[in-house]
Every structure is written in C-alpha cells, then in structure tokens.
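Commentary on secondary and tertiary structure
If you want the building blocks of each chain, they are given just below.
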Amino acid sequence: MSWEENVRKVTPYTAGEQPSGKVIKLNTNECPYAPSPAVSERMRCLAEMEAGTGAGMLRKYPDMNATALVKAVSEVYGIPEDRIFAGVGSDDVLSMAFMAFFNSDTPVIFPDITYSFYDVWSELHRIPYRTLPLDEDFRIVPEDYLCDNGGVILPNPNAPTGVFEDPSVIEKIIDFNRDRVVIIDEAYVDFGGKSVLPLIDRYDNLLVVQTFSKSRALAGLRIGLAFGQEKLIGYLKDVKFAFNSYTMNVPAIELGAAAVRDTKYFEETVRKIIRTRERTKKELRALCFSFADSEANFVFAAHERKPAEEIFKELRARSIYVRWWNKPRISNHLRITIGTDEEMDTLFKALKEIVS
Ligand code: PMP
C-alpha cells in the first residue's frame, strides 16, 4: 500500500490567467478602476502607525470577528452585526458555507452552467451534487429546484452567463426549500441586479453571499461577506473558527471598512461600468455576436460565424485576454469582462479585424 492511496485527491479550480506586462485583461471580472481613494488614505495611515513605534496593528493577531469591517457593513447596509459574516473573499465564505450547510446524503443542486468552483467544493468536501440544466436561453428552470435535495446554491446574476433572475423567482425556490439551506451567490448583483438581502428577515434558511472583489475593486485584498439570520451565521462562524480562527488579516479588515463607507465612489464606479457594458452590448451586436442579456460586469457572447476558440486565441495574440472554456454547451462562447471605455475600444477594433 502506498501513502498515495490515503491522499484526498481533488481536481482544483482553474482560475483565469493573471498575465504580467502590458495586456488588456478582460478575463477574470476584476474592476477596471481603482478602489476608493479612502482605501489608499487608510493604507497610508496604517503604514505610518506601523513605522517603528510599536503602536502598529500587525504585531498582534487580528480580531476574529473582523468587527471594524462588520460594523461598517452593518451601518452601510442597515443589517445587524450578528447577521453578517466576513471571510477571505467570497470563495472562502462559500467553501465554509458548503462545509457547514451541505451535509445531507441527498445531492445538493445547482445549474449545469454556473460558477465552476461549486463542483470543486462539492468534491473537496465530499458532498453529493446534481446539476440542473439551464434552458436554451441560459435561464434557470425554477420548477426544477422544487424537488428533494440536500441544499441549493445559485449565483444571481449567474456566472458566466450574466443572466439575472428576479428576486420573486428566487424567493419561490427559497420558500419551497425551507428545510434546507439555500445560498444565493451575489458576486455580481451590484451591476444592475436586485439583491435578495431583504428576504433574510423572512427566511432562516437563506444565506446571501457578496464580495468586494468586483464592484468595490478589491480582488487583491480578499473580502467576502455572508448575510443571514443569527443562527445561520453562528453555524458558519463555528465552522470557520474550527478551520482557522483568524478569518481575515488586519489590513483587509481596516481597508475593507474604509471602502464600504465610501458609498458615493462605489455608486459612481458601478454606474461607469454599467454604461460601458450597455455600449459593449451594442458594439458586439453590430459585430454579429449574440448573447443573453447581462446584468453583470461581463458579457457572455458567441459569434455567428467564427468559433470562440479562434477568437480567443487571436485576441490573446494581441495581448487581449478574455475567458473561454472548452466545456459542453459553452465552448462557442467568450466571457468578456467590462473594462474601461478605452480598453473596450481596443477590443472592438481587434474583434472587427478578427471576425471580418
Ligand atoms: N462567486 C462567483 C459567481 C464568482 O464569479 C466569483 C469570482 N471568481 C466568486 C464567487 C469569488 O470571488 P471572490 O473570492 O474574489 O470574492
């Protein structure tokens, strides 16, 4: 017998490339704009405090409950602190939530085309799962989720499609599944969707997950949030603190708090991205691309003649990175993150040459 027989073997998540050098990076849904100036201001302040005085914050372990951040989120969102959990990016929050809430022998359910981490976490945590096909237009079939299951996870808007479902559709699924936890992954909800956050008052089985990586331009800092009733959040904390009690590092807690308080900057950033997205839809249509309508900071598009793989490679040769998956049902689509107007103009010009 070899030690290898006892290894937990997993197929890891495949992240989009993080190329260095001067490229146009439209492949991992980051924000093309800088974070709020309040973040760099707070960073300068923290650096000064650290500078040799011993009064800094890095010498000591962080606050397990990330109170400064949770307090800021609580004030800005108008949600009590004990209904908020902060973690190291929403990937961390979601993985912990899978571990905490999906423990049934009955399979957990999620769409066949969705965030490709869900099956990875299911495999990692040995959770049985079943995928439910989206329809031809990449919409969920809500009735499919009214079935026996071990838990539900849905992103809204969905990724990589960008398709948004109305909260009333999501509520029916939450309501039917009151005996299991339903996780709504709202990584992209700030770009025009509507959050189901108000529903946590009514449903003790609902966990809403959000991130600072997209609309708050802090993917590098790693901040994710979960919202739910006190009991649900309590169970999530128990699992997290059993895994690693120091959830978030001190700079993330402090800078995240500064970011969330700058609501004006946040709203401006989101507005700019939405404007560019709507322009992108027009430009792509004119180039004979088709796509489901997106409410996210990306568009998932297929060209009427040219295969996605070829476009992907030709863009890459021009140092423009978009995302392409060689997977059933989506291998002819490209997921294009919304960049700055200037970046998108360069993309449209390149696409014009490639598809004509
Ligand atoms: N959920 C979805 C649907 C995503 O696309 C992403 C980004 N890859 C995440 C969660 C995780 O983002 P983060 O860990 O940066 O918060």
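Residues numbered from 1 in each chain as written. Predicted model: local features only at pLDDT ≥ 70, side-chain atom pairs only at ≥ 80, totals over all residues. Heavy atoms only, no water.

Interfaces are often sized by the accessible area lost when the parts come together. Each assigned domain of the protein is listed with its residue range as follows: domain 1 (17-35 + 264-355) and domain 2 (38-261). Here the C-alpha centre of domain 2 lies 25 Å away from the C-alpha centre of domain 1. Domain 1 puts 27 residues into the contact, and the matching count from domain 2 is 30 residues. At the boundary of domain 1 with domain 2, total buried surface from both sides reaches about 2,100 Å², with 64% on carbon and sulfur atoms. (Domains from an automatic or database assignment. Contact = heavy atoms within 4.5 Å. Buried area = accessible area lost by both parts, 1.4 Å probe.)

Turning our eyes to something else, we now look at helix α8 (residues 263-286). In a regular helix each residue adds 1.5 Å, so 24 residues correspond to 34 Å; α8 covers 35 Å between its end C-alpha atoms and thus fits that length. For α8, every residue scored as buried is listed here: F266, T269, V270, I273, T276, R277, T280, K281 and L284. Looking at the buried positions of α8, the neighbouring elements they touch are β9 (289-291), β10 (298-303), β13 (334-337) and α10 (341-355). One or two residues past the end of α8 sits C288, with phi positive at roughly 70°. (Helix = DSSP H or I, 4+ residues; strand = E, 2+ residues; numbered from the N terminus. Expected span 1.5 Å × (residues − 1). Buried < 20%, exposed > 50% of the residue type's maximum accessible area, 1.4 Å probe, protein only.)

The next thing to look at is the packing of aromatic side chains. Under the defined criterion, the tally for this structure stands at 18 aromatic pairs. Here Y77 and F227 contribute two aromatic rings whose centre-to-centre distance is 5.2 Å and whose plane-to-plane angle is 25°, an arrangement assigned as stacked. With Y77 in helix α2 (residues 67-77) and F227 in strand β8 (residues 224-227), this pair connects stretches of sequence that are 150 residues apart. For Y77, a relative accessible area of 23% translates into the label partly exposed. The class for F227 is buried, based on a relative accessible area of 0%. Where Y188 meets F298, the ring centres are 4.9 Å apart and the plane angle is 85°; that geometry is what we call edge-to-face. With Y188 in the loop between β6 (182-185) and β7 (206-211) and F298 in strand β10, this residue pair connects regions lying 110 residues apart in the sequence. Taking the relative accessible area as the measure of exposure, Y188 reaches 8% and is therefore buried. Against the face of F266 rests R216, its NZ or CZ located 3.9 Å from the ring centre. Above the face of the Y33 ring, K272 is positioned so that its terminal group lies 3.9 Å from the ring centre. (Phe/Tyr/Trp six-rings, centres within 6.5 Å; stacked < 30°, edge-to-face > 60°. Lys NZ or Arg CZ within 6 Å of the ring centre and 35° of its normal.)

Neighbouring the ligand are 13 residues; D185, Y188, T211, S213 and R222 lie closest to it. Interatomic distance of 2.7 Å between a side-chain N/O atom of D185 and a nitrogen atom of the ligand. Between the ligand and R222, the relevant distance is 2.7 Å, taken from an oxygen atom to a side-chain nitrogen or oxygen of the residue. Relative to its unbound accessible area of 400 Å², the ligand is 92% covered by the protein chains. Here the residues of the shell around the ligand are counted per class, giving five nonpolar, four polar and four charged. (Near = heavy atom within 4 Å. Polar contact = N/O pair within 3.5 Å; in protein donor to acceptor, adjacent residues only side chain to side chain. Areas by Shrake-Rupley, 256 points an atom, 1.4 Å probe, with all protein chains shown as cover. Nonpolar A, V, L, I, M, F, W, Y, C, P; charged D, E, K, R; others polar.)

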